[in-house]
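Okay, here's what each chain looks like letter by letter:
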Amino acid sequence: MDEKKKNLLRQLPKMDDILLALEKWGVFSLYGKGHVIAASRAALEEVRGRMIKDDISPLSHSLFDDILERIEGKLCALSRFRLRRVINATGVVLHTNLGRAPLCDSALAHIIEVSRSYSNLEYDTDKGERGLRYNHVRELLCALSGAEDALVVNNNAAAVLLVLDTLAHGREAIVSRGELVEIGGEFRIPAVMEKSGAVLREVGTTNRTRLADYEGAISEQTGLIMKVHTSNFRIVGFTEETPLESLVLLGKKYGLPVMDDLGSGCMIDLSSYGLGDEPAVPVVMKTGVDVVTISGDKLLGGPQAGIILGTKKILASVMKNPLNRALRVDKLTLAALEATLIEYLHPEKAVQNIHILRSLTESLARTRARARKLASAIRRIKNPFLSVSLKHGVSAVGGGALPTREMETTLVSLRHAQIPATRLEKIMRQFPVPVIARIDGDEVLLDVRTVRDEEFPLLCREI
Ligand SMILES: *Cc1c(COP(=O)(O)O)cnc(C)c1O
């Protein structure tokens, strides 16, 4: 190492001096000593490294201050929230990467009420003895779905795993080849079945599976007949799917339980809004199917959860499965789910109060009016480089539901005279409250279907 570099390194301040200065800055009143020391070490190392690589201006008169600022920067970064709200302007209503369903107001209020203090999570206040956490939503789930009994676990993947492990561990579960679905990277039906210890017995072909295919596969080894809702894709053309009703009759004939992994879990009939191709849970339960699994945060619009609906007999054995303890839900989820389910007692109110249902059922006339409102607000910013216009477009349901359903919408298109669309979109993602938008050619598109009116002022301020 040359003499010049050695000189430079000698200028690095001593740890004691740094800590003394930080104390004067009041840093110790904000962060614990251990964290301050760790950040100081890291900052010193960084500067030393850059000196060795000649990557720092020599004899900088503010070297000491520069190091102090780095330390504060590190501590600040460490204490900033990384999990943050964003504005979803993509028009994808159930965006798994953006947290799927936003919770309704009553769910949020109930979470705070229940979790700020002690609760009766597992306490029966009438009897003065231990109660079951599942009982808080059981009655509601049964009333809304028509199921005999219900249980809630961590998510729908867990629900499927638990049911398979309970009913078909070491035995065969018969599934159509057309229904061996993958729901986003981590969830593949065959992989979940393997983990549960159930042996996958594939029947039929990708496009056609008949009742006779199922019946031909039944043997001494069979534990379960399983149907999986093809949530996120459709097979079209020369197809044949065995209706659930026929599988239920087949199950009765051979004394085998029949399960339907529905996924989305639409609690009410949305056909009057043109969204009728997703089976409503009560209609599915009426077929007499033994057990159904759904997600809490897809079309139900609640918290992440897996809901198991079915006969008392099956639910009793599912509940006793030791895996259940590992997959159980916490009180925050139960509070949010309970409040969300209560909204469903009045379907028209549910459509208003549950955000994803309101977004999905919003008419084109309404999105157009709201897009106009947002466009005028952005124009009022009077940025001479920004041009704002309205465009016709489509929104997607997302979240593994109604894959072929596109809803007409009105988009607010932004164009900047000096900033290309890809850069503008990136800048918007880096706003204090990130705005996630679409790009089409040289335009950034905002779909108001997934942006609430209350978010308009914030969006405009950020722009
Ligand atoms: C979404 C989905 C799952 C997984 O549900 P999570 O709640 O995301 O775990 C399982 N099966 C089907 C059919 C689905 O649509």
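Residues numbered from 1 in each chain as written. Predicted model: local features only at pLDDT ≥ 70, side-chain atom pairs only at ≥ 80, totals over all residues. Heavy atoms only, no water.

A.B. asks: When you look at the nonpolar core in this model, what are you seeing that I'm missing?
C.D. replies: Nonpolar side chains in soluble globular proteins tend to be buried together. Formed by 55 residues in total, the largest nonpolar core has its most connected members in Leu 141, Leu 309, Tyr 344 and Ile 356. Of all the elements, helix 6 (residues 135-145) adds the most residues to this core, at 5 residues. When residues of this core are assigned to domains, at least three fall in each of domain 2 (87-94 + 359-462) and domain 3 (103-353). Tyr 134, Val 160, Leu 164 and Phe 187 belong to the second-largest nonpolar core, a separate cluster that totals 32 residues. (Core = buried A, V, L, I, M, F, W, Y, C linked by side-chain atoms within 4.5 Å. Buried < 20%, exposed > 50% of the residue type's maximum accessible area, 1.4 Å probe, protein only. Helix = DSSP H or I, 4+ residues; strand = E, 2+ residues; numbered from the N terminus. Domains from an automatic or database assignment.)

A.B. asks: Please explain the sheet that holds strand 15 (residues 406-416) as it appears in this structure.
C.D. replies: Sheets are built from strands paired through backbone hydrogen bonds, the pairs being either parallel or antiparallel. If you walk across this open sheet you meet the 5 strands as 2-14-15-18-17, and the pairing is mixed. Because the sheet does not close on itself, it has two edges, and the strands there are strand 2 (92-94) and strand 17 (438-440). Direction aside, the axes of adjacent strands within the sheet are offset by 40° on average. Bridge count between strand 14 (residues 386-398) and strand 15: 11 bridges; the pairing is antiparallel. Considered in strand 15, the bridge of Lys 391 is made with Leu 411. Where helix 17 (residues 364-379) meets the sheet, its contacts fall on strand 14, strand 15 and strand 18 (443-447), and the angle it forms with strand 15 comes to roughly 10°. (Pairing = 2+ DSSP bridges. Axes fitted to C-alpha atoms, helices over the stretch in contact; angles between N-to-C directions. Contact = heavy atoms within 4.5 Å.)

A.B. asks: What is the right way to look at the environment of Leu 211 in this model?
C.D. replies: Counting through the fold element by element, Leu 211 comes out in helix 9 (residues 211-217). In this structure Leu 211 comes out as partly exposed when scored by relative accessible area, which is 32%. For the pair Leu 211 and Ala 198, spaced 13 residues apart in sequence, the C-alpha separation works out to 21 Å. Aside from chain neighbours lying at most four places away, what touches Leu 211 is Thr 242, Ser 246, Leu 247 and Leu 250.

A.B. asks: What is the right way to look at the packing of aromatic side chains in this model?
C.D. replies: What describes a pair of aromatic rings is the distance from one ring centre to the other and the angle between the planes of the rings. Inspection of every chain in the model, using the stated rule, returns 0 aromatic pairs. Above the face of the Phe 238 ring, Arg 208 is positioned so that its terminal group lies 3.8 Å from the ring centre. (Phe/Tyr/Trp six-rings, centres within 6.5 Å; stacked < 30°, edge-to-face > 60°. Lys NZ or Arg CZ within 6 Å of the ring centre and 35° of its normal.)

A.B. asks: For this particular structure, what's the right way to read the site of the ligand?
C.D. replies: Near the ligand, the surroundings consist of Arg 100, Asn 155, Asn 156, Ala 157, Ile 183, Phe 187, His 229, Ser 231, Asp 261, Gly 263, Ser 295 and Lys 298. One of the backbone N or O atoms of Asn 156 is found 3.0 Å from an oxygen atom in the ligand. Within the contact set of the ligand, an oxygen atom lies 2.6 Å away from a side-chain nitrogen or oxygen of Ser 295. Within the complex, 95% of the 380 Å² of free accessible area of the ligand lies under protein. For the shell around the ligand, the elements supplying multiple residues, two or more each, are helix 7 (156-168) and strand 11 (258-263). (Near = heavy atom within 4 Å. Polar contact = N/O pair within 3.5 Å; in protein donor to acceptor, adjacent residues only side chain to side chain. Areas by Shrake-Rupley, 256 points an atom, 1.4 Å probe, with all protein chains shown as cover.)

A.B. asks: In this structure, what is going on with the domain arrangement of the protein chain? I would like to understand it.
C.D. replies: You can read the domains of the protein chain as domain 1 (3-79), domain 2 (87-94 + 359-462) and domain 3 (103-353). In this structure, domain 2 and domain 3 have C-alpha centres spaced 34 Å apart. Each partner contributes residues to the interface: domain 2 has 11 residues there, and domain 3 has 15 residues. Summing the contributions of domain 2 and of domain 3, the shared interface buries around 1200 Å²; its carbon and sulfur component is 66%. The interface formed by domain 2 and domain 3 contains 0 salt bridges. Here domain 2 and domain 3 share 0 residue pairs in polar contact (both at pLDDT 80 or more) between them. Residues that form the side of domain 2 that touches domain 3 fall into these classes: 6 nonpolar, 4 polar and 1 charged. (Buried area = accessible area lost by both parts, 1.4 Å probe. Salt bridge = Lys/Arg side-chain N within 4 Å of Asp/Glu carboxyl O. Nonpolar A, V, L, I, M, F, W, Y, C, P; charged D, E, K, R; others polar.)

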